Amino acid sequence: MVGGTVLGAIIVVVVLVLVSSGGTKKETGLQTGTTANSTIAGINQLLGGIPQSGNVLGNPKAPVTMTYYGDYECPVCQAFTLQGGFSQLVSNDVRSGKVKVEYRSFCTATCGSPDPGVFNTQQVAGLAAGKQNLFWQYTELFYHEQGQEDSGYVTPAYLNGLARQIPNLDYATWQTDRNDPNLTAQVSNDQASARQIGVSGTPTLIFSGPKGQAAASQAVPTYAQLEQVIKQVT
Amino acid sequence: MSIAAANGAPARAGTVDRRLRIAIGVLCLIGIGVAGYLVYVHYAKIKIICGANGGCETVQSSVYSKLDGVPVAVLGLAGYIGILFSLAIRNELGRVAGFGIALVGFLFSMYLTYREAFTIHAYCYWCLSSATLMTLLVVLTGIRVLRAEPIERTPKTVPRAERRRVERRQAARR
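What counts, and where the lines are drawn
Residues numbered from 1 in each chain as written. Chains lettered and ligands numbered in written order. Predicted model: local features only at pLDDT ≥ 70, side-chain atom pairs only at ≥ 80, totals over all residues. Helix = DSSP H or I, 4+ residues; strand = E, 2+ residues; numbered from the N terminus. Buried ≥ 20, exposed ≤ 12 C-beta atoms within 10 Å, placed from the backbone. Contact = placed C-beta atoms within 7 Å. Pairing = 2+ DSSP bridges. Axes fitted to C-alpha atoms, helices over the stretch in contact; angles between N-to-C directions. Nonpolar A, V, L, I, M, F, W, Y, C, P; charged D, E, K, R; others polar. Core = buried A, V, L, I, M, F, W, Y, C linked by C-beta atoms within 7 Å. Parallel < 35°, antiparallel > 145°, perpendicular 65-115°, else oblique. Left-handed = near helix turned anticlockwise from the far one by under 90°. Expected span 1.5 Å × (residues − 1).

J.: Help me out: how do you make sense of the overall build of chain A in this one?
T.: Within chain A, the regular secondary structure consists of 10 helices and six strands. Buried residues in chain A amount to 44% of all 234 residues. Residue pairs at least 24 apart in sequence account for 79% of intrachain contacts in chain A once pairs closer than 6 positions are excluded.

In structure tokens form, the structure reads like this:
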């Protein structure tokens, strides 16, 4: 009877693990049709009219800079970007020119996935869109359409599919820019700078202002919590 | 050997089982507290009490915090309640059921701890506490299952056999 119980428990746990990790399915979140149109419309509404330059969103002369260390495959980054205080920060402080956001790459979830090598490719895809000042459209789209973690959903088709959804993106130029060695170097430099200052997870949010630097202590801070950190540096 | 002496072993075994049941019950109540708090935090959408590193939020926001839409904390809570109820079933079925639930909880906790270390890169102290409780529970419920025989059989078989032997000896003396 004990042997049967142990065997039964192992079978139950194997099923739970398969359900937890999404099994072997490649669950891509890539959207099509009206859903995709609705998503990009929402993103454009959030970002429209805000200046962009490469990986920086907002007025370059903004007194406060939020450095956002992120990984496109990181579900916690997705939670912060879509459900946390990020959208409200963009709508209020970034739009008003008080804060600018600089995104830097730091490998976390992707490096724990079965295909860590895709990290450079996916982050460079965003930076290539940044050469057309559409980095944040690509980044927001990635988080909106993020697939099941560890399922290997980040394929060339997935990355191309995201790019095709951005109305103003010159697709051919984007493809060419993805081979730019400077962008690969930028990802490597981001990671090196992150390690240097002791970043260990994503999202890591560091605010720099006239009164110095402060970091958000919560993984998914609300807008109110972000505002508190901004007050510390201004 | 007297009938009273023959009853000594089961009495000791009964005491050990009672202590095991108390220990399991206490651990289950602590587990219900831990898992219950995580369930409350999830549905009340309040900030989780955590250490300075904020690892609990990272783990609780990860895809591994849910199982097909159901928070794993709910499953943990159900597991602790299940083990607690199994203590009320005073036979082999109850012992094996408690052990089975604890074993599932222990193995799945190990998997989630692996995910915390190698995928999420953050630790949730509440989750680690629950994993520790499940580890202790699988050991204690396992001991109960392995010790089941003397508790179950001695009171019924040994005294009766001993009684017959005594009766036979008394008959022979007459």
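J.: What is the right way to look at the overall build of chain B in this model?
T.: Scanning chain B from terminus to terminus reveals seven helices and two strands. Going residue by residue from the N terminus, the α and β elements of chain B occur as α-α-α-β-β-α-α-α-α. For chain B, buried positions account for 37% of its 174 residues. A separation threshold of at least 6 residues defines the contact pool for chain B, and within that pool the share at least 24 residues apart is 78%.

J.: So what exactly am I meant to see when it comes to the sheet that holds strand S4 (residues 99-105) of chain A here?
T.: By way of backbone hydrogen bonds, the strands of a sheet pair with one another, either parallel or antiparallel. Residues and elements named next belong to chain A. Read from one edge to the other, the open sheet built from six strands follows the order S1-S2-S4-S3-S5-S6, with strand pairing classed as mixed. Bordering the open sheet on either side are strand S1 (52-53) and strand S6 (212-215), each of which pairs with just one other strand. In this sheet, S6 lies alongside strand S5 (residues 204-209) in antiparallel orientation, the contact comprising four bridges. Residue pairing across strands places serine 208 opposite glutamine 213, the latter belonging to S6. Lying on the sheet, helix H4 (residues 86-94) is in contact with strand S2 (56-57) and S4; it crosses S4 at an angle near 140°.

J.: Just to check I follow, could you spell out the interface of chain B and chain A for this structure?
T.: One frequent convention defines the size of an interface as the accessible area lost when the parts assemble. Listed as interface residues are 23 residues of chain B and, on the opposing side, 27 residues of chain A. Top element by residues in the side of chain B that touches chain A is helix H5 (residues 92-120) of chain B. It accounts for 10 residues. In terms of residue class, the side of chain B that touches chain A is made up of 14 nonpolar, seven polar and two charged.

J.: Looking at this model, I keep getting lost on the pairing of S5 of chain A. Mind explaining?
T.: Sheet faces and side chains relate simply in a regular strand, where the side chains alternate between the two faces. Residue and element names in this part refer to chain A. Of all six residues that make up S5, five are buried, and the element is covered over most of its length. Pairing of strand S3 (residues 64-70) with S5 involves five bridges; the strand directions are antiparallel. Of the residues in S5, the one forming a bridge with threonine 67 is isoleucine 206. Between S5 and S6, which pair antiparallel one after the other, the connecting turn spans two residues.

J.: Can you help me understand the nonpolar core in this one?
T.: One finds Val99, Ala129 and Tyr138 of chain A to be the most contacted residues of the largest nonpolar core, which totals 59 residues. Sorting elements by how many residues they give to this core places helix H5 (residues 118-130) of chain A first, with seven residues. Among residues more than four places away in sequence, those in contact with valine 99 of chain A are Gly58, Ala62, Val64, Met66, Leu89, Asp93, Val94 and Ile230 of chain A. Counting residues in each nonpolar core, the second largest holds 37 residues, with Cys28, Val41, Ile83 and Met134 of chain B among its members.

J.: How do you make sense of unusual backbone geometry when you look at a structure like this?
T.: Note on backbone geometry: most residues besides glycine have negative phi, and most peptide bonds are trans. Residue and element names in this part refer to chain A. For the bond running from threonine 202 to proline 203, omega is -5°, close enough to zero to count as cis. Within the secondary structure, proline 203 sits in the loop between helix H9 (181-196) and S5. Located in the positive-phi region is asparagine 133, a residue other than glycine, with phi close to 55°. Tracing the backbone through its elements, the reader meets asparagine 133 in the loop between H5 and helix H6 (135-144).

J.: How should I be thinking about the packing of helix H2 (residues 33-47) of chain A against H6 of chain A in this particular structure?
T.: The angle between the axes and the distance between the axes are what describe a pair of packed helices. All names here are of chain A. Here H2 crosses H6 at 135°, and the two axes come no closer than 10 Å. Overall, the two elements H2 and H6 adopt an arrangement that is oblique. Like other packed secondary-structure pairs, H2 and H6 cross with a definite hand, here right-handed. Two secondary-structure elements touch here, H2 through Thr39, Ile43 and Leu47 and H6 through Trp136, Gln137, Glu140, Leu141 and His144. Here the contact of H2 with H6 is composed, by residue class, of four nonpolar, three polar and one charged.

J.: Even after reading the chapter, I still don't get the environment of leucine 107 of chain B, so can you show me in this structure?
T.: Relative to the helices and strands, leucine 107 of chain B is located in helix H5. With 27 residues separating them in the primary sequence, leucine 107 of chain B and methionine 134 of chain B have C-alpha atoms 8.8 Å apart. Look past the residues within four positions of leucine 107 of chain B in its chain and what remains in contact with it is Ala9, Ile10 and Val13 of chain A.

J.: Looking at this model, I keep getting lost on H5 of chain A. Mind explaining?
T.: Every α-helix winds through 3.6 residues per turn, so residues three or four apart in the chain are directed the same way. Residue and element names in this part refer to chain A. Relative to the 18 Å expected for 13 residues at 1.5 Å per residue, H5 spans 19 Å between its end C-alpha atoms, a close match to the ideal helical length. Of all 13 residues making up H5, 11 are buried, and the element is well covered by its neighbours. The inward-facing, buried residues of H5 contact S4, H6, helix H7 (156-164), helix H8 (171-177) and H9.

J.: What am I meant to see in the packing of H5 of chain A against H6 of chain A here?
T.: Residue and element names in this part refer to chain A. The interhelical angle for the contact between H5 and H6, taken along N-to-C directions, is 145°, at an axis separation of 6 Å. In this structure, H5 contributes Ala125, Gly126, Leu127, Ala129 and Gly130 to the contact, and H6 contributes Phe135, Gln137, Tyr138, Thr139 and Phe142. Here the contact of H5 with H6 is composed, by residue class, of six nonpolar, four polar and no charged.

Geometry only, nothing functional implied.
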